[in-house]
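Each chain, letter by letter, is given below.
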Amino acid sequence: MSHIADPQSLFGRGVPAAQIPTSLEMEGGAAIDWEAPRVAIVGTRGCTPMGEADARRVAFVAASHGAVVVSGMARGIDAAAHWGALQANGMTLGVLATGLDIEYPATNRGLYREMRLRGSLITEHPAGTRPQPWRFPERNRIIAGLADVVVVIEAGETGGAMVTADLAQQFDRMLMAVPGRPRDALARGTNRLIADGAWPIQDPADVVYAVGLGDVAPVGWETPGVVIAPEVASILRACGGQP
């Protein structure tokens, strides 16, 4: 565990001093290269299987090219993003709304174990701090502030991901979103962000380009080594997804 007494340099330009924590606590089994570009990936807790797959793929590609994947350790898109970065053996940073000793939600205990071994966790709160509703928007400002680019994958018109997106715009961060079907409630937020000027992600490699890691050829949305059973594929097609 390490104590960051003056985290201002980690946030860079655009973040008001009042929004920067006075100190941070951090632990993990892998060092974070703070000079590397950072990609925050956020979205709904109640994501679809396709949204989860998209978050894993974007995180996998970003981490494979040297970016730090930042998210909030919540269920759904957050967890998928962390798992994608871990699958790539890349750097990933989980921003907590609790103390480092609190594993919330409990359903992510396996992820917490892997993050302590192969990733990193960070928080502004002392040990023993329990989750409270108002702590999550506070946590989101850290996610947005630490990122160079914020990616939104599956979000309704309101919720934590949209709060993070709003903070990203306030902090002058690049905002990107994966577009969705107009009738899909979980695409209303992302589609609105795109209509308001967010960069639509057509391929995961777009994120690599956005953070300045090179003009990478399109890589596609399928993760190598992941096999979709035929019966699952037929359900996805019926729902308007892929393959």
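Here the structure is shown first, and the text comes after it.
Our subject in this report is the structure included herewith. As the structure is a computational prediction, the values presented were derived from the model and not from experiment. (Residues numbered from 1 in each chain as written. Predicted model: local features only at pLDDT ≥ 70, side-chain atom pairs only at ≥ 80, totals over all residues. Heavy atoms only, no water.)

Attention now goes to the nonpolar core. Among the nonpolar cores identified, the biggest contains 35 residues, and Phe11, Leu93, Val150, Val152 and Leu175 are the most heavily contacted of them. Sorting elements by how many residues they give to this core places helix α6 (residues 160-170) first, with 5 residues. When sequence neighbours within four positions are dropped, the list of residues in contact with Leu175 reads Val150, Val152, Ala165, Ala168, Gln169, Leu193, Ala198 and Trp199. Counting 27 residues, the second-largest nonpolar core is a separate cluster that includes Val39, Ile41, Val151 and Val211. (Core = buried A, V, L, I, M, F, W, Y, C linked by side-chain atoms within 4.5 Å. Buried < 20%, exposed > 50% of the residue type's maximum accessible area, 1.4 Å probe, protein only. Helix = DSSP H or I, 4+ residues; strand = E, 2+ residues; numbered from the N terminus. Contact = heavy atoms within 4.5 Å.)

Turning to helix α7 (residues 188-195), its buried residues are Gly189, Thr190 and Leu193. For α7, the buried positions fall inside an angular range of 95° around the axis, keeping them on one side. Along its buried surface, α7 packs onto β7 (149-153), α6 and β8 (174-177). The first or second residue beyond α7 is Gly197, which carries a positive phi of 120°. (Arc of directions from axis to C-beta.)

With that settled, consider the packing of helix α5 (residues 135-146) against α6. One way to put it is that α5 packs onto α6 with a least axis distance of 9 Å and a crossing angle of 45°. Classed by the angle they form, the pair α5 and α6 counts as oblique. The element α5 and its partner α6 pack so that their crossing is right-handed. Contacts from Pro137, Asn140, Arg141, Ile143 and Ala144 of α5 reach α6 at Gly160, Val163, Thr164, Leu167 and Ala168. Considering only residue class, the contact of α5 with α6 consists of 6 nonpolar, 3 polar and 1 charged. (Axes fitted to C-alpha atoms, helices over the stretch in contact; angles between N-to-C directions. Parallel < 35°, antiparallel > 145°, perpendicular 65-115°, else oblique. Left-handed = near helix turned anticlockwise from the far one by under 90°. Nonpolar A, V, L, I, M, F, W, Y, C, P; charged D, E, K, R; others polar.)

Both faces of strand β4 (residues 68-71) are covered, namely the face carrying Val68 and Val70 and the face carrying Val69 and Ser71. Examined bridge by bridge, strand β3 (residues 38-43) and β4 share 3 bridges and lie parallel to one another. For Val39, the partnering residue across the bridge sits in β4 and is Val69. Handedness of the crossover joining β3 and β4 through helix α2 (residues 49-64) is recorded here as right-handed. (Pairing = 2+ DSSP bridges. Right-handed = clockwise from strand over helix to strand, strands pointing away.)

Further remarks concern the packing of aromatic side chains. Geometry of an aromatic ring pair is reported as the spacing of the ring centres plus the angle between the planes. All chains considered together, the criterion is met by 2 aromatic pairs. Measuring from centroid to centroid gives 5.9 Å for Tyr104 and Phe136, while their planes differ by 45°, and the two rings are tilted. Placement of the pair is Tyr104 in the loop between β5 (92-95) and α4 (109-118) and Phe136 in helix α5, with a sequence separation of 32 residues. Relative to Tyr209, the ring of Trp199 lies with its centre 6.2 Å away and its plane at 85°, an arrangement referred to as edge-to-face. Separated by 10 residues along the polypeptide, Trp199 in strand β9 (residues 199-200) and Tyr209 in helix α8 (residues 205-210) bring together distant segments of the chain. Given a relative accessible area of 28%, Trp199 falls into the partly exposed group. On the basis of relative accessibility, which here comes to 47%, the residue Tyr209 falls in the partly exposed class. (Phe/Tyr/Trp six-rings, centres within 6.5 Å; stacked < 30°, edge-to-face > 60°.)

In this section: the side chain of Asp206. Residue position: Asp206 is located in helix α8. With no salt bridge to any partner, buried Asp206 finds its closest opposite charge in Arg57, at an N-O distance of 12 Å. For Asp206, the side chain forms a polar contact with the main-chain nitrogen of Gln202, separated by 2.8 Å. Ignoring anything within four residues of it in the chain, the contact list for Asp206 reads Met176, Trp199, Pro200 and Ile201. (Lys, Arg positive; Asp, Glu negative; His and termini not counted. Salt bridge = Lys/Arg side-chain N within 4 Å of Asp/Glu carboxyl O. Polar contact = N/O pair within 3.5 Å; in protein donor to acceptor, adjacent residues only side chain to side chain.)

Spatially, 9 strands are ordered β1-β2-β6-β5-β4-β3-β7-β8-β9 in an open sheet, and the strand pairing comes out mixed. One side of each edge strand has no neighbouring strand; the edge strands of this open sheet are β1 (2-4) and β9. Sheet topology places β7 next to β8; 4 bridges connect them, and they run parallel. In the strand pairing of β8, Val149 is matched with Met174. Across the sheet, helix α3 (residues 77-87) lies against β3, β4, β5 and β7, angled at about 145° from β3, the strand it touches most. Sheet strands touched by α5: β2 (24-28), β3, β4, β5 and β7. Its angle to β5, the strand with the most contacts, is close to 155°.

Functional significance is not addressed by these values, which are geometric in nature.
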